[in-house]
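# Commentary on secondary and tertiary structure
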2 protein chains.
Amino acid sequence: MALYVQKYGGTSVGSVERIEAVAEKIQGFKRQGHDIVVVVSAMSGETNRLIGLAKEIQPHTPNPREMDVLVSTGEQVTIALLCMALEKRGVPARSYTGGQVKILTDSSHMKARIEDIEVSSMQADLAEGRVIVVAGFQGVDAGGNITTLGRGGSDTTGVALAAALKADECQIYTDVDGVYTTDPRVVEGAQRLNVITFEEMLEMASLGSKVLQIRAVEFAGKYKVPLRVLHSFQDGPGTLITIEDESTVEKPIISGIAFNRDEAKLTVIGVPDIPGVASKILGPVSRANIEVDVIVQNVAADNTTDFTFTVHRNDYEEARTVLNQVAEELGARDVVGDNKIAKVSIVGVGMRSHAGVASKMFDALAEENINIQMISTSEIKVSVVIAEKYLELAVRALHTAFELDVNNSVSEK
Amino acid sequence: MALYVQKYGGTSVGSVERIEAVAEKIQGFKRQGHDIVVVVSAMSGETNRLIGLAKEIQPHTPNPREMDVLVSTGEQVTIALLCMALEKRGVPARSYTGGQVKILTDSSHMKARIEDIEVSSMQADLAEGRVIVVAGFQGVDAGGNITTLGRGGSDTTGVALAAALKADECQIYTDVDGVYTTDPRVVEGAQRLNVITFEEMLEMASLGSKVLQIRAVEFAGKYKVPLRVLHSFQDGPGTLITIEDESTVEKPIISGIAFNRDEAKLTVIGVPDIPGVASKILGPVSRANIEVDVIVQNVAADNTTDFTFTVHRNDYEEARTVLNQVAEELGARDVVGDNKIAKVSIVGVGMRSHAGVASKMFDALAEENINIQMISTSEIKVSVVIAEKYLELAVRALHTAFELDVNNSVSEK
């Protein structure tokens, strides 16, 4: 008998049939004697429909307060329908909007942050054997205004409720059955991980494995809420995202290979090697609302240096325009770029204590004659930028080199 | 400078274009210096869509609490969109759900009654020049549960807000430009009334002129809120529904002709003339959830009597089945019925002080050779049941006989 907070995303509740299937699933957990708090998203397509209505009226900057009043109805529809489907099965249930819980947030409409959660009412319902169904993604500020947490915020709601209720686990039901060593569409032998640490998950998520909202993972890590990713409609253990277990002696060096093909790189050549030059280059880029990913600056030669960074491929042209202007002002020699690149990263807490991980990576790529254009490293990750055409080849080579193709010690747990 | 509560129904806010048009209209009132509180319904079709989703899950008795959580989202969408359309025009506005106001109701889900309305927050917004946009049809009970007032409840919300805020007028914007002496589709010369009393309006509404929710009219009468029916998108004074003005010397005898063609009549013949027989007949009918309208019992002859009443035409067959059973138990002679009947009523507070109104009605019908099958009277109304085929003829004859074809003294005001 445990207390689980279960989050079902928009696809999992995308139709009446799916809502019925989720109810069926929850009934099963109740029969096993568990206490269940469910967090649901809007039915898939509904949020976009509502935003579409708003944009017909205010195409550019819809009033944020009213936007939250509008889009929060999406989840409210789902909680009511799911409770009906549960009641139909004889499972007592009660729906809660974010305001009814109440999930107190700050007043930053459309991107509010949770400040506090009142648990007394939910605890009373749980004690009476009810399933609690909470609208994800929404809260209420101190003035009683409806707020939303921003896109994907339902994951955050789930984790925050799990933390507040001291749940045994926060389970994120989605359309994949767990976190993989890499994308199975690229590497046939990709393995589902049974366990991954929060830090690894953060690196994997930000590098393109879009299973979980980064903010929810951070939140779970901060409050030490065990988080599990599972498939909504297939049985299986999923992947548990947890704090690093020091007792685990046998730790795989690398947990997974992440990649991102939507990048472009830009280099300002012959920049005078003087202090403050980096911010002079990146300042205008940032002011143009362009997000920068990898940044590399080589050591100077001839009192000039080359400054390279990557941006999202969609921002490539705009970034070039900004840089041409900046290069002129700085007296740099040239701006060159390439929007046919990809980033590949190896991620694993194990690499902290293992020397030679990076060189093993570079070896594996060299053996395939893949030229490395940029390198960037962190405590638990090494990323390289390569020509996009080599992406699949690189991912497969690394997957094999780090012995992820076979069930490793973690996934055998 | 006045305070108006304006209610716009589902058709008036049925699309983004119409919501924009309503915003335009409200902007005009603000320019005239008025304070405006707006009550809106769900966009037309939305409530039915939501109910449809619920019925896919629970076809017969959807959980009433969750039904209210579900359908209340319809109005919530409209308040947000209307506020955006107002803000776009530079009109400061703020939306309120029923719970945010708060409109406190009892806990009778799907048919809740308003118990109290908190006005402090709305008054503060009005003082700051904001238009207030309130979701109609919904409230919240003492436990914080979302409730709804039942279909058409947005009219009631409007009247209740007008009473609580002591508004100068509650204006119901709809798809007709006022209350008419009778249905203009039946009588070409039907006249819009400038004024009608609450009592007359109640009789007109319950008899088939479906302009306003009966409950809203009762509420307005009770709290003496001047109520005006107007067309959403055509200019005009509409019809003011008000308390009887004793100073009005020139009062028309009849304000309007109401009719209802959806009726059927049933007669139990040869019922023993003993006490309690009426309840023995109507009890089983009522228990079958069949609503009875006109009831007539003739004086007894031969120790037996005939007992006749009308029901909605849809309930005719079921009522006959019930009555056959009852007739046997009572030892009545027979049950006969007719589902090709219609009811025509003349309504007017003026008839209280005028003798001969009923006979003038009967004369007018006799002149057209229309046979009267049943008669029923109240203080301000006389109803007759006739064969359905004579309905239009009867309404036109009465409209002329009571001189409603020309602008009468009321509509000339």
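Note that the coordinates shown come from a computational prediction; the quantities given were computed from them, not determined experimentally.

## Observations regarding the relation of the copies chain B and chain A
- When chain B is fitted to chain A, the best match, at an RMSD of 0.2 Å, comes from turning it 179° and sliding it 0.1 Å along the axis. The operation mapping one copy onto its partner corresponds to a two-fold rotation axis. Residues of chain B ranked by C-alpha distance from the rotation axis are headed by T73 of chain B, positioned 2.7 Å from it.

## A few points about the packing of helix α9 (residues 277-287) of chain B against helix α10 (residues 316-330) of chain B
Residues and elements named next belong to chain B.
- Where α9 contacts α10, the two axes come as close as 9 Å, and the packing angle between them is 150°. The orientation of α9 relative to α10 falls into the category roughly antiparallel. α10 is crossed by α9, and the crossing has right-handed handedness. Two secondary-structure elements touch here, α9 through V277, K280, I281, P284 and V285 and α10 through V322, L323, V326 and L330.
- Each residue belonging to the contact of α9 with α10 can be placed in one class, and the counts come to eight nonpolar, no polar and one charged.

## Details of the pairing of strand β2 (residues 35-40) of chain A
Residue and element names in this part refer to chain A.
- Counting buried positions over the six residues of β2 gives five, a clear majority of the element.
- Sheet topology note: the strand β1 (residues 3-8)/β2 ladder contains six bridges and is parallel. Following the sheet pairing, Y8 is matched in β2 by V40.
- Crossover handedness for the path β1 to helix α1 (residues 16-31) to β2: right-handed.
- Judged from the four bridges that link them, β2 and strand β6 (residues 131-135) form a sheet pairing that is parallel. Note on β6: the bridge partner recorded for V38 is V133.

## Structural notes on empty space enclosed by the protein
- By the definition in use, this model includes one cavity of 30 Å³ or more.
- Put simply, the largest cavity is a space of about 30 Å³.
- Lining the largest cavity we find E46, R49, L50, T73 and V77 of chain A together with E46, R49, L50, T73 and V77 of chain B.
- When residues of the lining of the largest cavity are traced back to their parent elements, those giving at least two are α2 (46-57) and α3 (64-88) of chain A together with α2 (46-57) and α3 (64-88) of chain B.

## A word on the pattern of salt bridges
- Under the defined criterion, the tally for this structure stands at 34 salt bridges over all chains.
- Between R94 of chain A and D125 of chain A there is a salt bridge, with the nearest N and O atoms lying 3.8 Å from each other. Linking R94 of chain A in strand β3 (residues 93-96) with D125 of chain A in helix α5 (residues 120-127), this pair joins segments that are 31 residues apart in sequence.
- With a relative accessible area of 26%, R94 of chain A lands in the partly exposed category.
- With a relative accessible area of 5%, D125 of chain A lands in the buried category.
- Salt-bridge contacts for E203 of chain B lead to K381 of chain B; the nearest nitrogen and oxygen are separated by 3.8 Å. A residue pair is termed long-range when its members are at least 10 positions apart, and E203 of chain B in helix α7 (residues 198-206) and K381 of chain B in strand β18 (residues 381-387) qualify at 178 residues. For the pair formed by E203 of chain B and K381 of chain B, the shared burial category is buried.
- Members of the salt-bridge network, linked through shared partners, are E20, E24, K88 and R89 of chain A.

## Some thoughts on the state of the cysteines
Residues and elements named next belong to chain B.
- In the structure shown here, the tally under the stated rule is zero disulfides over all chains.
- Here C170 is not disulfide-linked; the sulfur of C83 is the nearest cysteine sulfur, at 18 Å.
- Accessibility expressed as a relative area gives 0% for C170, which makes it buried.

## Some thoughts on the sheet that holds strand β12 (residues 239-242) of chain A
Residue and element names in this part refer to chain A.
- Taking strand neighbours across the sheet as the criterion, the eight strands line up as β3-β6-β2-β1-β9-β11-β12-β10 in an open arrangement whose pairing is mixed. Strand pairing shows two members of the sheet lacking a second neighbour, β3 and β10 (195-197), which therefore form its edges. The sheet shows a mean angle of 20° between the axes of neighbouring strands, direction not considered.
- The pairing of strand β9 (residues 169-174) with strand β11 (residues 227-231) spans five bridges and is parallel. Bridge pairing links I172 to V229 in β11.

## A look at the pairing of β6 of chain A
Residues and elements named next belong to chain A.
- In terms of residue burial, β6 counts as a mostly covered element, since five of its five residues are buried.
- Judged by which residues are buried, β6 turns out to be covered on both faces: V131, V133 and A135 on one side and I132 and V134 on the other are all buried.
- Bridge count between β3 and β6: four bridges; the pairing is parallel. From the neighbouring strand, A93 faces β6, where its bridge partner is V131.

## Here we look at the packing of aromatic side chains
Residues and elements named next belong to chain B.
- With the rule as written, the count across this model stands at six aromatic pairs over all chains.
- For the ring pair Y8 and Y173, a centre distance of 4.7 Å and an interplane angle of 10° mean the geometry is stacked. Within this pair, whereas Y8 is found in strand β1 (residues 3-8), its partner Y173 is found in strand β9 (residues 169-174), the two being separated by 165 residues in sequence. Both residues of the pair, Y8 and Y173, count as buried.

## Thoughts on the sheet that holds strand β2 (residues 35-40) of chain B
All names here are of chain B.
- With respect to topology, eight strands assemble into an open sheet ordered β3-β6-β2-β1-β9-β11-β12-β10, the strand pairing being mixed. In the strand order of this sheet, the two ends are held by β3 (93-96) and β10 (195-197), each with one partner. Across the sheet, the mean angle from the axis of one strand to that of its neighbour is 20°, orientation sign disregarded.
- As paired strands, strand β11 (residues 227-231) and strand β12 (residues 239-242) are joined by three bridges and run antiparallel to one another. Across the sheet, R228 pairs through a bridge with L240, a residue of β12.
- Set on the sheet, helix α1 (residues 16-31) makes contact with β1, β2, β6 (131-135), β9 and β11; between it and β1 the angle comes to about 170°.

The rules behind the values
Residues numbered from 1 in each chain as written. Chains lettered and ligands numbered in written order. Predicted model: local features only at pLDDT ≥ 70, side-chain atom pairs only at ≥ 80, totals over all residues. Heavy atoms only, no water. Least-squares fit on C-alpha atoms with pLDDT ≥ 70 in both. Axes fitted to C-alpha atoms, helices over the stretch in contact; angles between N-to-C directions. Helix = DSSP H or I, 4+ residues; strand = E, 2+ residues; numbered from the N terminus. Parallel < 35°, antiparallel > 145°, perpendicular 65-115°, else oblique. Left-handed = near helix turned anticlockwise from the far one by under 90°. Contact = heavy atoms within 4.5 Å. Nonpolar A, V, L, I, M, F, W, Y, C, P; charged D, E, K, R; others polar. Buried < 20%, exposed > 50% of the residue type's maximum accessible area, 1.4 Å probe, protein only. Pairing = 2+ DSSP bridges. Right-handed = clockwise from strand over helix to strand, strands pointing away. 1 Å grid on protein atoms, 1.4 Å probe; cavity = no way out; pocket = protein on both sides within 12 Å on 5 of 7 lines; lining within 4 Å. Points joined across faces, edges and corners; volume = space filled by probe spheres on them. Salt bridge = Lys/Arg side-chain N within 4 Å of Asp/Glu carboxyl O. Disulfide = S-S within 2.5 Å. Phe/Tyr/Trp six-rings, centres within 6.5 Å; stacked < 30°, edge-to-face > 60°.

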